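Descriptive analysis of the structure
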Amino acid sequence: MKVIEGVFSDKQKTEIVTSLTEAMVAIEGENMRQVTWVVIDEVKSGNWGIGGQPLTTEDVRRLAAG
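Residues numbered from 1 in each chain as written. Predicted model: local features only at pLDDT ≥ 70, side-chain atom pairs only at ≥ 80, totals over all residues. Heavy atoms only, no water.

Turning next to the overall build of the protein. In terms of helices and strands, the protein carries two helices and four strands. At 14 Å, the protein has a C-alpha radius of gyration far larger than the 11 Å of a compact globule built from 66 residues. The C-alpha extent of the protein, read off along each of the three principal axes, is 40 × 25 × 20 Å. Evaluated residue by residue, the protein yields a buried proportion of 20% over its 66 residues. (Helix = DSSP H or I, 4+ residues; strand = E, 2+ residues; numbered from the N terminus. Rg over C-alpha atoms; globule rule 2.2 N^0.38 Å. Buried < 20%, exposed > 50% of the residue type's maximum accessible area, 1.4 Å probe, protein only.)

This is the structure:
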């Protein structure tokens, strides 16, 4: 999973790993839990673009805040 650096806390990243693993197990079955890998790749702020515009950590925080 790719995310912009500095957006998620360590606790939130743990929640992402747990939730994505649970989603895969729900689809593929419990036997797949031990071979389900979740990799969080943090992309440098400003090196991610959406709609032709770079997206920064602060942009994401503003979006999350509403």
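Take T36: it is sitting in the loop between helix 1 (10-28) and strand 2 (41-43). Within the structure, the side chain of T36 is placed 2.7 Å from the backbone oxygen of M32, a separation counted as a polar contact. With residues near it in sequence (within four places) discarded, T36 still touches T21 and M24. (Polar contact = N/O pair within 3.5 Å; in protein donor to acceptor, adjacent residues only side chain to side chain. Contact = heavy atoms within 4.5 Å.)

All of the buried residues in helix 2 (residues 57-65) are T57, D59 and V60. Taken end-on, helix 2 shows its buried residues confined to a sector of 160°, consistent with a single buried face. Facing away from the buried side of helix 2 by more than 90 degrees, the exposed set consists of R62 and A65. Positive backbone phi, at 90°, marks G66, one or two positions downstream of helix 2. (Arc of directions from axis to C-beta.)

Remember that the coordinates give geometry; whether it matters functionally is a separate question.
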